[in-house]
Amino acid sequence: MSKTDNRIDFDIEMGTYELTNFETFVYYVLRLLSLATTMYKWENLPKSVNPMFMERMLVTYGFVCFAKDDVTDELISLPATMNGKLDIYGIPTGWRLFGMNGYNLARDKSNSVVVWDNYNRTPILRNIFMFAKRLETIERTMDVNIEGQRTPYVLTGEKSQINTLKQIYRDISSNKPVVLVDKTFDVGQLKCTPTVTPFVAGELQIIKRNIWNEAMTFLGVDNANSEKRERLVTDEAQGNRGAVINQRYARLKPRQEACELINEMFGTNITVFNSFT
């Protein structure tokens, strides 16, 4: 605490709040990532292709590449770095596949097939981060607002009372029914200033639900709110359903097109379809 700063530097460290912020952000990232990577189901994949890993890489990098390994002659699907010249449509003509163990394999469009996650050719992980950050901000704001209902005051006293003030706060935040102090403690020097903290967590919950539903629509997951379902008019319900289906198809279409090219090049019978109906 500086000489010009009269605030008490509580033991409730900012690091604790920052950690909770990060943990909340990660919580939402993992929830959204779990949905994003289970949207599509692949059939007739060879055992050498891991669909869970492939979908995670599609979300993370925006594309993967199907090719045959030089040694085993097995079909593999890995992320890749693009290289080589661009064709007239701006698509690279070569790429290098890489595995998580240092494995790498150079290929081009004559002996491999690129699977795009979407027609934008961009990873949706950045969108997942955006939604997770918005949800984390609302969630933590709700936490602060609710905390303000429990401790709606500011304690002030002499410097010699700092440790006692800290213990009083700990007792209150721990929901102890009685706060104990030493008999030498001068209660008269202690000041408690009420603070006004309007309860807005309920309104924030509605905003959070709307952001979550927006994220679900983006991923192609049905999200008609059960609390609002009976109040939705037919046009609203159908409009939301149409947006969800369109988003599903937006990521399914490039996968289906890639399946056709893979089957033609490697003689397979791979198919892909929506996991949700």
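Here, every reference points to the structure presented above.
Calculation notes
Residues numbered from 1 in each chain as written. Predicted model: local features only at pLDDT ≥ 70, side-chain atom pairs only at ≥ 80, totals over all residues. Heavy atoms only, no water. Pairing = 2+ DSSP bridges. Helix = DSSP H or I, 4+ residues; strand = E, 2+ residues; numbered from the N terminus. Axes fitted to C-alpha atoms, helices over the stretch in contact; angles between N-to-C directions. Contact = heavy atoms within 4.5 Å. Parallel < 35°, antiparallel > 145°, perpendicular 65-115°, else oblique. Left-handed = near helix turned anticlockwise from the far one by under 90°. Phe/Tyr/Trp six-rings, centres within 6.5 Å; stacked < 30°, edge-to-face > 60°. Buried < 20%, exposed > 50% of the residue type's maximum accessible area, 1.4 Å probe, protein only. Lys NZ or Arg CZ within 6 Å of the ring centre and 35° of its normal. Salt bridge = Lys/Arg side-chain N within 4 Å of Asp/Glu carboxyl O.

Caption draft 1: Inspection of the sheet that holds strand 7 (residues 112–116) at higher detail. Taken together, three strands build an open sheet; the order of strands is 3-2-7 and the sheet is antiparallel. A strand with exactly one partner marks an edge of an open sheet, and here the two such strands are strand 3 (75–78) and strand 7. The average undirected angle you get between the axes of adjacent strands in this sheet is 20°. Sheet strands touched by helix 2 (residues 51–61): strand 2 (63–68), strand 3 and strand 7. Its angle to strand 2, the strand with the most contacts, is close to 135°.

Caption draft 2: Region of interest: the packing of helix 3 (residues 125–150) against helix 5 (residues 201–219). Relative to each other, helix 3 and helix 5 sit at 165°, their axes nearing to 10 Å. By the angle between their directions, the pair helix 3 and helix 5 is classed as roughly antiparallel. Between helix 3 and helix 5 the crossing geometry is left-handed. Here N127, F131, R134, L135, I138, E139, T141, M142, N145 and I146 of helix 3 lie close against helix 5, whose contacting residues are A201, L204, Q205, I207, K208, I211, W212, E214, A215 and F218.

Caption draft 3: Highlighting the sheet that holds strand 5 (residues 92–98). Pairing is antiparallel across the open sheet formed by three strands, whose spatial order is 4-5-6. Of all strands in the sheet, those bounded by a partner on one side alone are strand 4 (80–86) and strand 6 (104–108). Recorded for the sheet is a direction-independent mean angle of 20° between the axes of neighbouring strands. In this structure, strand 5 lies alongside strand 6, joined through five bridges in antiparallel fashion. Directly across from F98, in strand 6, lies its bridge partner N104.

Caption draft 4: Quick look at the packing of aromatic side chains. The full count for this structure, using the stated rule, is seven aromatic pairs. Ring geometry for F25 versus F129: centroids 5.9 Å apart, planes at 45°, classification tilted. Of this pair, F25 sits in helix 1 (residues 14–36) while F129 is found in helix 3, placing the two residues 104 residues apart along the sequence. On the basis of relative accessible area, F129 is assigned to the partly exposed category, the value being 38%. Between Y28 and W212, the ring centres sit 6.4 Å apart and the planes meet at 55°, which makes this aromatic pair tilted. Remark: W212 occurs in helix 5 and Y28 occurs in helix 1; sequence separation between them is 184 residues. What makes Y28 buried here is its relative accessible area of 4%. Relative accessible area serves as the criterion here: at 17%, W212 is assigned to the buried category. Chaining the aromatic ring pairs together yields one cluster made of Y27, Y28 and W212. One residue, R121, lies across the ring of W116, its end atom 5.2 Å from the ring centre.

Caption draft 5: Region of the structure containing the side chain of N118. Along the polypeptide, N118 turns up in the loop between strand 7 and helix 3. Residues in contact with N118, not counting those within four places in the same chain, are I124, A250, R251 and P254.

Caption draft 6: Representation of the side chain of S77. One can find S77 in strand 3. Those residues within four positions of S77 in sequence are excluded, and the remaining contacts are V49, F53, M54, V64, C65 and F66.

Caption draft 7: Focus on the pattern of salt bridges. Inspection of every chain in the model, using the stated rule, returns eleven salt bridges. With a closest N to O distance of 2.9 Å, K133 and E136 form a salt bridge. In this pair, K133 and E136 are both assigned in helix 3, three residues apart and thus about one turn of the helix distant. By relative accessible area, which is 44% here, K133 ends up partly exposed. A salt bridge links R134 to E214, with the nearest nitrogen and oxygen atoms 3.5 Å apart. Highlighted residues: R134 in helix 3 and E214 in helix 5, separated in sequence by 80 residues. Residue classification places R134 among the partly exposed positions, given a relative accessible area of 32%. It is possible to trace a salt-bridge network through shared partners that takes in E55, D117, R251 and R255.

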